[in-house]
Amino acid sequence: MRVLVVGSGGREHALAWKLRQSPRLTRLWIAPGNAGTASEGENVPIQVDDVKGLVAFAKKESVDLVIVGPELPLSLGLTDALAEQRIRVFGPSRAAAQLESSKVFCKLLLRQADVPTADYQVFRDADSAMRYVKARFPNERDRTPLVVKADGLASGKGVIVCSKRDEVLEAIDRIGRKNEFGRAGAQMVIEERLEGPEVSVLAITDGRTIVTLPSAQDHKAAYDGDTGPNTGGMGAYSPTPVMTEELMETIEDKILVPSIHAMKRNRKPFRGVLYAGLMLTASGPKVLEYNVRFGDPECQPLLMRLKSDLLDLLEAAADGRLDSIDPPEWDPRPAICVVMASAGYPGSYDSGAEITGLDAADQIPDVKVFHAGTKLQDGRVLTNGGRVLGVTALGSSLANAKLNAYKGVQAIRWPGAWCRKDISDKAALYQEQLAVD
Ligand code: AMP
Ligand code: GLY
């Protein structure tokens, strides 16, 4: 099979690496890819938002299956444009991708499907949002546990978690008056702030059948101890100890299945990866958000643990016959991914530093270095982004996987490289809490 993967991050390197292992793969392209994907297949210099260019390439090369990594091309309608040309594609239509590209759309669907989520209100202008907050919390000093969210795509930055009234009003001002998020802030959602451990549950679906993947946990804050600004994700591990079989069943029955059914009923059938960002509250799991693609970096530890053929799975989902294949097999060993970043990330950062030690890291048993922001120049690998690498490892226990991943990190050098030192430590913390409860 001839396959095109769209994207250039750590997620796409992991997808390409896993697809490469399929005996049915004959040719693999990645658009635009990075230095890591170049050793799994052929990079094609077409950007992810160039829908016309991607469709033309897929047609010219008689691609059998296109696998879309990031949300941007999905929200631009790449799936629809490919389907029009009868090119098979793994990823939701533009209409279904609204689950991620519009928080208002997502909230309405959750309400309609009776899926547990934080109570919320939608506002189209800052004035009415401010009036609402002041009426609910008349005293300036009241604790104000609210979250303000810009409706549209804002690279994870359009969500402002607040405790004080001033913070809420400032968030409304940034979204609704200063237009910091542009058109993404034309509407905003104000919702109750929930408490509890966060977990990601991803499911592959063809719109009718779902295949739930093992649980994973992301680390969105930049610095150790979950401090500092939000990032795209500084590391992840799978599975999480908070996830029991019973809890997973509840999440499938009360969250994933009703959401998929509601999308189908609304004539926006969802095909692709449905990624639920959940909070495990005292009154059960609740949806914080849906994404419509693999998480990055959650994808990296998940695919390290996948033993079955990824191509079979994604093709069956694209063809609407997920019910006809065996459930995927997973390595019981935990996996973790530690993101190595450029100095300055998530603020402005330099690119172009030479990375050394990649081969040494890859030679450590059970370690795989996935590239994200890298490029090849004259045979050298240079930094080319904020999140540069995702050093991923399996281990006999989570502690052992962590040890392996950080051994990999230590082998790799470039000026200014840094990473969080505490990826997966939350697991031990949660385990202690569970033991006490
Ligand atoms: P989102 O992009 O909607 O997942 O939000 C990013 C992060 O904001 C989440 O990972 C949570 O840590 C936090 N968050 C979002 N919504 C809520 C909420 N209702 N209560 C508490 N934290 C939230
Ligand atoms: N890791 C979070 C995301 O992919 O959105």
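Please read these numbers as outputs of a predicted model, since none were measured by experiment.

Rules and cut-offs
Residues numbered from 1 in each chain as written. Chains lettered and ligands numbered in written order. Predicted model: local features only at pLDDT ≥ 70, side-chain atom pairs only at ≥ 80, totals over all residues. Heavy atoms only, no water. Helix = DSSP H or I, 4+ residues; strand = E, 2+ residues; numbered from the N terminus. Rg over C-alpha atoms; globule rule 2.2 N^0.38 Å. Buried < 20%, exposed > 50% of the residue type's maximum accessible area, 1.4 Å probe, protein only. Contact = heavy atoms within 4.5 Å. Areas by Shrake-Rupley, 256 points an atom, 1.4 Å probe, with all protein chains shown as cover. Near = heavy atom within 4 Å. Polar contact = N/O pair within 3.5 Å; in protein donor to acceptor, adjacent residues only side chain to side chain. Nonpolar A, V, L, I, M, F, W, Y, C, P; charged D, E, K, R; others polar. Pairing = 2+ DSSP bridges. Axes fitted to C-alpha atoms, helices over the stretch in contact; angles between N-to-C directions. 1 Å grid on protein atoms, 1.4 Å probe; cavity = no way out; pocket = protein on both sides within 12 Å on 5 of 7 lines; lining within 4 Å. Points joined across faces, edges and corners; volume = space filled by probe spheres on them. Patch = residues over 30% accessible without salt bridge, like charges linked within 9 Å, V, L, I, M, F, W, Y side chains within 5 Å. Salt bridge = Lys/Arg side-chain N within 4 Å of Asp/Glu carboxyl O. Lys, Arg positive; Asp, Glu negative; His and termini not counted. Charge placed at Lys NZ, Arg CZ, Asp CG, Glu CD. Parallel < 35°, antiparallel > 145°, perpendicular 65-115°, else oblique.

Trainee: So what exactly am I meant to see when it comes to the overall build of the protein here?
Mentor: The secondary structure content of the protein amounts to 14 helices and 22 strands. Rg of the C-alpha trace for the protein: 21 Å, near the compact-globule value of 22 Å for 437 residues, within the 12% margin. C-alpha extents for the protein along the principal axes are approximately 60 × 45 × 45 Å. Within the protein, the fraction of its 437 residues that count as buried is 58%. When contacts within the protein are restricted to residue pairs at least 6 apart in sequence, long-range pairs at least 24 apart make up 69% of them. Here the protein displays about 18500 Å² of accessible surface, and carbon together with sulfur accounts for 47% of that area.

Trainee: Looking at this model, I keep getting lost on the site of ligand 1. Mind explaining?
Mentor: In the vicinity of ligand 1 there are 15 residues, among which Glu191, Glu192, Leu194, Glu198 and Glu289 approach most closely. Side-chain polar atom of Lys149 to a nitrogen atom of ligand 1: 3.0 Å apart, as the coordinates give it. One of the backbone N or O atoms of Glu192 is found 3.0 Å from a nitrogen atom in ligand 1. In isolation ligand 1 offers 470 Å² of accessible surface; the protein chains occlude 90% of this area. Breaking the shell around ligand 1 down by element, the ones donating at least two residues are strand E7 (146-150), strand E8 (159-161), strand E9 (188-192) and strand E17 (284-291). Classifying every residue of the shell around ligand 1 gives 7 nonpolar, no polar and 8 charged.

Trainee: Even after reading the chapter, I still don't get helix H11 (residues 310-319), so can you show me in this structure?
Mentor: Each full turn of the α-helix corresponds to 3.6 residues, which orients residues three or four apart in the same direction. Taking burial as the measure, the 10 residues of H11 include 8 buried ones, the bulk of the element. For H11, the full list of buried residues reads Leu310, Leu311, Leu313, Leu314, Glu315, Ala316, Ala317 and Ala318. The first or second residue beyond H11 is Gly320, which carries a positive phi of 75 degrees.

Trainee: What am I meant to see in the sheet that holds strand E2 (residues 27-32) here?
Mentor: Where strands meet in a sheet, backbone hydrogen bonds hold them as pairs that are either parallel or antiparallel. Strand order in the open sheet made by the 5 strands is E3-E2-E1-E4-E5, with parallel pairing throughout. The strands lining the two open edges of the sheet, one partner per strand, are strand E3 (42-43) and strand E5 (89-90). As defined by bridge partners, strand E4 (residues 65-68) adjoins E5 across 2 bridges and the pair is classed as parallel. Looking at the pairing, Val66 lines up with Val89 of E5. Across the face of the sheet, helix H2 (residues 51-60) comes into contact with strand E1 (2-7), E2 and E4 while running at roughly 165 degrees to E1. Seen against the sheet, H11 touches E1, E4 and E5 and runs at an angle of roughly 95 degrees to E4.

Trainee: Any chance you could explain the sheet that holds strand E15 (residues 235-238) here in plain terms?
Mentor: Here we have 5 strands laid out as an open sheet, ordered E12-E15-E18-E22-E19, and antiparallel in their pairing. Strands with a single pairing partner mark the edges of an open sheet, and in this sheet they are strand E12 (217-218) and strand E19 (367-371). Taken together, the 2 bridges between E12 and E15 define a ladder with antiparallel strand orientation. Bridge pairing in E15 places Gln217 opposite Tyr237. Against the sheet, helix H13 (residues 398-411) makes contact with E15, strand E18 (335-341), E19 and strand E22 (387-394), and its axis sits at roughly 30 degrees relative to E18, the strand it touches most.

Trainee: Even after reading the chapter, I still don't get empty space enclosed by the protein, so can you show me in this structure?
Mentor: Throughout the structure, instances matching the rule amount to 2 cavities of 30 Å³ or more. Space inside the largest cavity adds up to approximately 90 Å³. Lining of the largest cavity is provided by 14 residues; of these, Lys103, Cys106, Leu288, Glu289 and Tyr290 occupy positions nearest its centre. Put simply, the parts of the chain that give the lining of the largest cavity at least two residues each are helix H5 (98-101), helix H6 (103-112) and E17. Here the residues of the lining of the largest cavity are counted per class, giving 6 nonpolar, 2 polar and 6 charged. Within this model, the second largest cavity holds a volume of roughly 40 Å³. Along the walls of the second largest cavity sit Ile204, Leu213, Phe294, Leu303, Leu306, Leu310, Leu313 and Trp330, which together make up its complete lining.

Trainee: How should I be thinking about a negative patch on the surface in this particular structure?
Mentor: On the surface, Glu245, Glu246, Glu249 and Asp253 cluster together into a negatively charged patch. With respect to the helices, strands and loops of the structure, Glu245 is situated in helix H9 (residues 245-265). Here Glu245 falls in the exposed class, since its relative accessible area comes to 70%.

Trainee: Sorry, what's going on with the packing of H6 against H9 here?
Mentor: Packed helices, taken two at a time, are described by the angle between their axes plus the distance between the axes. The interhelical angle for the contact between H6 and H9, taken along N-to-C directions, is 105 degrees, at an axis separation of 9 Å. As summarised for this structure, H6 and H9 are arranged roughly perpendicular, according to the angle between their axes. In this structure, H6 uses Phe105, Leu109 and Leu110 to contact H9, whose residues at the interface are Ser259, Ala262 and Met263. A per-class count over the contact of H6 with H9 returns 5 nonpolar, 1 polar and no charged.

Trainee: I would appreciate a short explanation of the site of ligand 2 in the present structure.
Mentor: Inspection of the region around ligand 2 gives Asp218, Gly232, Tyr275, Asn291, Arg293, Gly295, Asp296, Pro297 and Glu298 as its neighbouring residues. Between a nitrogen atom of ligand 2 and a side-chain N or O atom of Asp218, the distance comes to 2.8 Å. Contact distances for ligand 2 include 2.9 Å between an oxygen atom and a side-chain N or O atom of Arg293. Within the complex, 89% of the 190 Å² of free accessible area of ligand 2 lies under protein. When the residues that make up the shell around ligand 2 are grouped by side-chain class, the tally is 2 nonpolar, 3 polar and 4 charged.

Trainee: Explain the packing of helix H7 (residues 126-136) against helix H8 (residues 165-177) here, please?
Mentor: The contact between H7 and H8 brings their axes to 9 Å, and the two run at 170 degrees. Looking at the two axes, H7 sits roughly antiparallel to H8. Contacts between H7 and H8 involve Ala126, Asp127, Ala129, Met130, Val133 and Lys134 on the former and, on the latter, Arg165, Val168, Leu169, Ile172, Asp173, Gly176 and Arg177. For the contact of H7 with H8, the class distribution of residues is 7 nonpolar, 1 polar and 5 charged.

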